[in-house]
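# Inside the fold
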Amino acid sequence: MKSVSSLEQLVKQRPLPKHIGIIMDGNGRWAELRGLPRLEGHREGANRVREVTRCARRLGLQAVTLYAFSMQNWMRPWDEIEGLMALLSEYLLKERHEILDNQIKLNVIGELARLPAEVREPLLELCEASASHTEMVLTLAVSYGSREELVLAARRLAQKVAQGELSAEGIDEVAFEAELSTSGLPEVDMLVRTSGELRISNFLLWQIAYAELVFSSTLWPDFQEAQFLDALAEYQQRERRFGYTSAQLRPPSP
Ligand code: IPE
Ligand code: IPE
Ligand code: MG
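Residues numbered from 1 in each chain as written. Chains lettered and ligands numbered in written order. Predicted model: local features only at pLDDT ≥ 70, side-chain atom pairs only at ≥ 80, totals over all residues. Heavy atoms only, no water.

Looking now at the environment of S132. Tracing the sequence through the fold places S132 in the loop between helix 5 (117-129) and strand 4 (136-144). Classification of S132 as exposed rests on a relative accessible area of 63%. Taking the C-alpha atoms as reference points, S132 and I104, 28 residues apart in sequence, are found 9.0 Å from one another. (Helix = DSSP H or I, 4+ residues; strand = E, 2+ residues; numbered from the N terminus. Buried < 20%, exposed > 50% of the residue type's maximum accessible area, 1.4 Å probe, protein only.)

Even without being a glycine, Q103 presents a positive backbone phi close to 60°. Looking at the element boundaries, Q103 is found in the loop between helix 4 (78-101) and strand 3 (104-109).

Every residue near ligand 2 is listed here: I23, M24, D25, Y67, A68, F69, S70, N73, R76, R193, R199 and S201. R193 places a side-chain nitrogen or oxygen 3.3 Å from an oxygen atom of ligand 2. R199 places a polar side-chain atom, nitrogen or oxygen, 2.8 Å from an oxygen atom of ligand 2. Notes on ligand 2: free accessible area 390 Å², of which the protein chains cover 78%. Residue contributions to the shell around ligand 2 peak at four residues, all from strand 2 (residues 63-70). Class assignment for the residues of the shell around ligand 2 results in five nonpolar, three polar and four charged. (Near = heavy atom within 4 Å. Polar contact = N/O pair within 3.5 Å; in protein donor to acceptor, adjacent residues only side chain to side chain. Areas by Shrake-Rupley, 256 points an atom, 1.4 Å probe, with all protein chains shown as cover. Nonpolar A, V, L, I, M, F, W, Y, C, P; charged D, E, K, R; others polar.)

The values reported here are purely geometric and, on their own, carry no functional implication.
Written out as structure tokens, the structure reads:
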């Protein structure tokens, strides 16, 4: 087996994705397997967020978007939601220096109005404090749902048309994309989901149109740098054809 550092060197030599989305799944099962409360799985999962972010930054990726809490997760038992919100505030406090010192720009997508003020305020504060950073955009998807985001985009476009700011024919992919909360970020090249589930669960539906999907059976609290690098190595094996044929993509022979 290759060591983590040699795997990192290998991965660095080949084209890397600009933007990675990660569905961090399996925290509850990780805890249940150990006879622990589900929250302990979320707590351990937060440590992996730090490690994966560090590794992504070191590799020079432009953007990482992490699915931390979905719109549908509001239906979970209230004590789990409260525990998750407390962990999120703790994460913001603990990671503040790391984010600021490493020139990371923190960004958030989702319906923030539903978040408790103890989470929303420090979250927005850190986004603002890091807004001028240019090294890597770390987007947290919290209280996020892709269908909800798409409906909002359609509504805003309809309002623009009603107010005469835009014609119906003016609605194209560029105009639509501009209304999404991820507007301005590079295209999502790679989507990782941990824990063996083979679904998207309402994450970045528009944005992953041409992303390479990488599913890992590892539960998120066990998803360390080695697993992250393995996922990148798998991405690098793929041929991204975007509708073309393989032959069209090959460089012309001299
Ligand atoms: C992912 O882990 C984190 C959140 C959805 C907040 P889960 O809590 O979904 O863990 P499993 O899928 O039950 O194992
Ligand atoms: C998706 O995981 C949401 C996050 C990882 C935050 P879920 O565990 O909520 O997804 P489903 O319910 O299994 O599809
Ligand atoms: Mg889950």
